[in-house]
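Chain by chain, the residues:
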Amino acid sequence: REVRAGAFQAGARSPHERTKSLRSVERPPASSSPTSSARARAMLLSLGVAFLAGLIAKSDSWKRFTASIEGQVDYRKDYSIALLCAFLIPVARYVIDRTAFSYAAKLLVVPSTRAKLLKARSPAGRSGGKRDGDGLTQDDRDTIRVRVEKFKESCWKTAVYVFFSLYGFYFMSSKPWFYDRSHFWHGFQSNGPNCQWDHSCPSLCTTDEWPGCSTCKFTSDVKLYYVLELGYYLQGVVSLLFWETRRKDFAVMMSHHIVTIVLITFSHWARLLRIGTMVFLLHDVSDVPMELAKACRYANLDSLTTVFFAMFFVVWVLSRIVYFPNVIIRTALFEVPNCPQIEWKRDYCMVAFDGLLLFLFAIHVYWTFLIGRILYRTIVSGKVNDEREDDT
């Protein structure tokens, strides 16, 4: 009779309960790390991308492309390439995000965050919420998902800023303005600083014709740096709105992106590409340790987070708080040569350019205040926490 009663009760369960029971039986146990085949696919993908990039860099088509963009500023060609980059960069990000970064998240973020959540739960299970077969609640799974997305976002930005920094140091180490800021404004051809190729004060120009009359030529590496940065920040505005995690400083970050785009296009129009490349490099080099620190934090690697955050603080202060105002803004304010033939138009141009640089520096000061608060809390608590977001 007891056996029959048990069978009757089992059969009396609702279809939803029976389906849920079957799913709980059939579902494999949660894995704490990706399979070896997944790691192999990620490694093969990375090697394939590196090999393809090497082939493209050595190809004749790439050489013809770089030769085609070298020379004077060409608005139609330069902006067309920038828009193409703005379309292709999110495509590349999506592919890498779904492959290499996802595998890295499964290896580093998921198991460590799961263990952290389970450890933080009291023995009596008073965390609230209905737990699944692996001991996680729906809130726990949402926390893991958010951390995975933030980790992949930081990995992507790390890759971008490492590329921009290495590329910037590589080609600018051969440029005279990398060592002497007077070359921001003067030409360095054999005819002297007042020749028709002079960078900022072309002798053949008049007020009505400048800057279109400028015959200043730029190498392909300088112009490629410009169109890549412009393309990245154009797609960055869209990503900030619809893709990336929205943080407390969303308005400040959006203002930074818009001012950067205006600064890039304005300096491109005014033929200020030399000083513009230095502004790029100063910003890119400090973002590398910052994104590495954030990625390590999402992966619960506390020691590495502290190390990279310390590196970031030092590089940030030296590049954006010391060098940027004392060299870049100073030379733009006080060391620009006088150009009688284009005086009033050039003066208005530099006032606008200086205003954009000062606004960018004001954003740096605000972020330095937030970084200082994070540093203080790190010293007090021994743990790095981002002021702009919650604990996830």
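Anything mentioned here points back to the structure above.
Residues numbered from 1 in each chain as written. Predicted model: local features only at pLDDT ≥ 70, side-chain atom pairs only at ≥ 80, totals over all residues. Heavy atoms only, no water.

(A) Structural view of the packing of aromatic side chains. As enumerated under the stated definition, the model contains 20 aromatic pairs in all. Ring geometry for F164 versus Y232: centroids 5.9 Å apart, planes at 80°, classification edge-to-face. Of this pair, F164 sits in helix α7 (residues 138-172) while Y232 sits in helix α8 (residues 220-242), placing them 68 residues apart in sequence. What makes F164 buried here is its relative accessible area of 4%. Judged by relative accessible area, which is 7%, Y232 ranks as buried. Centre to centre, the rings of Y225 and F280 are 5.4 Å apart; their planes meet at 80°, and the pair counts as edge-to-face. Of this pair, Y225 sits in helix α8 while F280 sits in helix α10 (residues 273-298), and the two are 55 residues apart along the sequence. An aromatic cluster is present here, built from Y161, F163, F164, Y167, F171, Y225, Y226, Y232, Y233 and F280 joined pairwise through their rings. A cation over a ring is seen here: R93 above W243, with NZ or CZ 4.3 Å from the ring centre. (Phe/Tyr/Trp six-rings, centres within 6.5 Å; stacked < 30°, edge-to-face > 60°. Helix = DSSP H or I, 4+ residues; strand = E, 2+ residues; numbered from the N terminus. Buried < 20%, exposed > 50% of the residue type's maximum accessible area, 1.4 Å probe, protein only. Lys NZ or Arg CZ within 6 Å of the ring centre and 35° of its normal.)

(B) Examining the nonpolar core more closely. Among the nonpolar cores identified, the biggest contains 84 residues, and I328, F353 and L357 are the most heavily contacted of them. At the level of elements, α5 (75-98), α6 (100-120), α7, α8, α9 (250-269), α10, α11 (302-334) and α12 (343-381) are the ones that each hand at least two residues to this core. A per-element tally of this core places α10 first, with twelve residues. (Core = buried A, V, L, I, M, F, W, Y, C linked by side-chain atoms within 4.5 Å.)

(C) Main features of the pattern of salt bridges. Across all of its chains, the model carries ten salt bridges by this definition. Across the pair R93 and E244 runs a salt bridge, and its minimum N-O distance is 3.2 Å. With R93 in helix α5 and E244 in the loop between α8 and α9, this residue pair connects regions lying 151 residues apart in the sequence. Pair check on accessibility: R93 and E244 agree, each one buried. Between D97 and K152 there is a salt bridge, and its shortest N-O distance comes to 3.2 Å. Placement of D97 in helix α5 and of K152 in helix α7 is noted, with a sequence separation of 55 residues between them. (Salt bridge = Lys/Arg side-chain N within 4 Å of Asp/Glu carboxyl O.)

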